[in-house]
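Here are the chains, one letter per residue:
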Amino acid sequence: MQDFTQLHTIFDRTRGYINRFMGIIQPIIDAAQDEHTRLYYHHILEEEEQRMGRLQQLVPHLESLSAEKKSDQLSDRELSQLLSDINLERFGLHNFREHLELSLYEFRDDETRMELDGMREKTHADYLQVKDIMSKLSERFSDVYTTDLTDHDEGHDVHQVDHLKASASAPLGVASVITHPQAPVSGKKGLTVGSLKGLH
């Protein structure tokens, strides 16, 4: 039960991070002067939008399981599906961290860079924690669910490179010339798959 409570906390935090991140990169897409830049960040935005849609279903489910202590009532099929969903979001955390790293090469104002780097560090820690929880859950429910917990960070030590420092000397990107203020995106506003259809 404690594992599901921890997972709820992690994925709820991630929802807020994704919401904020999408608000940060939308102006890059709007101001893109070339199709490559627009497509690059639009692709990232779509991936995170799809993930937000999944989290909008998973987070309340985890909250319900934690609050009502209903995990013991799950059928084998329901438990297997839940563990599959959690493992998919473990991949999502890994990808989101890389999206945050990539965006550090785009922004030049210190406030945004520090915010992105803070989210990147916490997302990396969350990824490792979810990986550890999944390992325990897979072992505990091995008769119901087995998964490959390959470490997707092989050859990518997040602490080996100071991404904030490394990206500081990168060539200027489109975000460095965006001068209009970015309105903060409310963490309470839920985004769903399809809410940004106007981008297609």
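First, a word on scope: everything that follows refers to the structure included in this document. Each chain carries its own residue numbering, running from 1 in the direction its sequence is written. Side-chain atom pairs in this predicted model are given and counted only at pLDDT of 80 or more, local residue features only at pLDDT of at least 70, and totals for whole chains, interfaces and linings cover all residues. Computation of side-chain values covers all heavy atoms of the structure but excludes hydrogens and water.

### Considering the pattern of salt bridges
Next up, step 1: Definition used for salt bridges: Asp or Glu carboxyl oxygen within 4 Å of a side-chain nitrogen of Lys or Arg. Taken as a whole and judged by the stated rule, the model has twelve salt bridges.
Next up, step 2: The closest approach of N and O atoms between arginine 13 and aspartate 126, which form a salt bridge, is 2.8 Å. Of this pair, arginine 13 sits in helix α1 (residues 2-31) while aspartate 126 sits in helix α4 (residues 110-140), placing them 113 residues apart in sequence.
Next up, step 3: Only protein chains enter the accessibility calculation, which uses a 1.4 Å probe. A residue is then buried if its area is under 20% of the maximum for its type, exposed if over 50%, and partly exposed in between. A relative accessible area of 1% places aspartate 126 in the buried class.
Next up, step 4: Linking glutamate 115 and arginine 20 is a salt bridge whose minimum nitrogen-to-oxygen distance equals 2.8 Å. Of this pair, glutamate 115 sits in helix α4 while arginine 20 sits in helix α1; the two residues are 95 residues apart in sequence, bridging distant segments of the chain.
Next up, step 5: In this structure arginine 20 comes out as buried when scored by relative accessible area, which is 17%.
Next up, step 6: In this structure, a network of salt bridges that share partners links the residues Arg97, Glu101, Asp117, Arg120 and Glu121. Put simply, DSSP H or I for four residues or longer makes a helix, DSSP E for two residues or longer makes a strand, and each gets a number counted from the N terminus.

### Observations concerning the packing of aromatic side chains
Next up, step 1: Pairing of aromatic rings covers Phe, Tyr and Trp, the last through its six-membered ring, and needs centres within 6.5 Å; plane angles under 30 degrees mean stacked, over 60 mean edge-to-face, and all others mean tilted. According to the stated counting rule, one finds two aromatic pairs in the structure shown.
Next up, step 2: Between the aromatic rings of phenylalanine 21 and phenylalanine 96, the centroid separation amounts to 5.6 Å while the plane-to-plane angle is 80 degrees, which identifies the pairing as edge-to-face. Residue phenylalanine 21 is found in helix α1, and its partner phenylalanine 96 is found in helix α3 (residues 76-104); the two are separated by 75 residues along the sequence.
Next up, step 3: Ring centres 4.9 Å apart and planes at 85 degrees place the aromatic pair tyrosine 40 and tyrosine 41 in the edge-to-face group.
Next up, step 4: On the accessibility criterion, tyrosine 41 (3% relative accessible area) is buried.

### Re the packing of α1 against α3
Two measures define how a pair of helices packs: the angle their axes make with one another and the distance between the axes.
Next up, step 1: The N-to-C vectors of α1 and α3 enclose an angle of 35 degrees; their axes lie 11 Å apart at closest approach. In this structure, α1 crosses over α3, and the sense of that crossing is left-handed. Between α1, through Phe4, Leu7, Ile10, Phe11, Thr14, Tyr17, Ile18 and Phe21, and α3, the contact on the second element is made entirely by Leu82, Ile86, Glu89, Leu93, Phe96, His99, Leu100 and Ser103.
Next up, step 2: For this scheme, ten residues count as nonpolar: Ala, Val, Leu, Ile, Met, Phe, Trp, Tyr, Cys and Pro. Four count as charged, namely Asp, Glu, Lys and Arg, and the remainder, Gly too, count as polar. Residue classes in the contact of α1 with α3 are distributed as twelve nonpolar, three polar and one charged. Convention adopted: a line fitted to C-alpha atoms gives each axis, helices being fitted over their contacting stretch, and angles between N-to-C directions are expressed from 0 to 180 degrees. Two helices that cross are described as forming a left-handed crossing if the nearer one is turned anticlockwise from the farther one by less than a right angle, and a right-handed crossing if clockwise. We call two residues contacting when some pair of their heavy atoms lies within 4.5 Å.

### Topic: the packing of helix α2 (residues 35-68) against α3
Next up, step 1: Their axes nearest at 10 Å, the elements α2 and α3 cross at an angle of 140 degrees. Looking at the two axes, α2 sits oblique to α3. As α2 packs across α3, the resulting crossing turns out to be left-handed. For the pair α2 and α3, the contacting residues are Tyr40, Tyr41, Ile44, Glu47, Glu48, Arg51, Arg54, Leu55, Leu58, His61, Leu62 and Leu65 in the first and Leu82, Asp85, Ile86, Leu88, Glu89, Gly92, Leu93, Phe96, His99, Leu102 and Ser103 in the second.
Next up, step 2: Residue composition of the contact of α2 with α3, by class: 13 nonpolar, four polar and six charged. In these notes the angle categories are as follows: under 35 degrees is roughly parallel, over 145 is roughly antiparallel, 65 to 115 is roughly perpendicular, and the rest is oblique.

### Side note on the nonpolar core
Next up, step 1: For the purposes of this section, nonpolar cores are sets of buried Ala, Val, Leu, Ile, Met, Phe, Trp, Tyr and Cys residues that join through side-chain atoms within 4.5 Å. Core analysis: the largest hydrophobic core is formed by 38 residues, its most contacted members being Leu7, Phe11, Leu62, Leu82, Ile86, Leu116 and Val130.
Next up, step 2: By residue number, the principal contributor to this core is α1, which donates twelve residues.
Next up, step 3: Non-local contacts of leucine 62, meaning those with residues more than four positions away in its chain, are made with Phe4, Leu7, His8, Phe11, Leu82 and Ile86.

Limitation: the analysis is restricted to geometry and does not speak to function.
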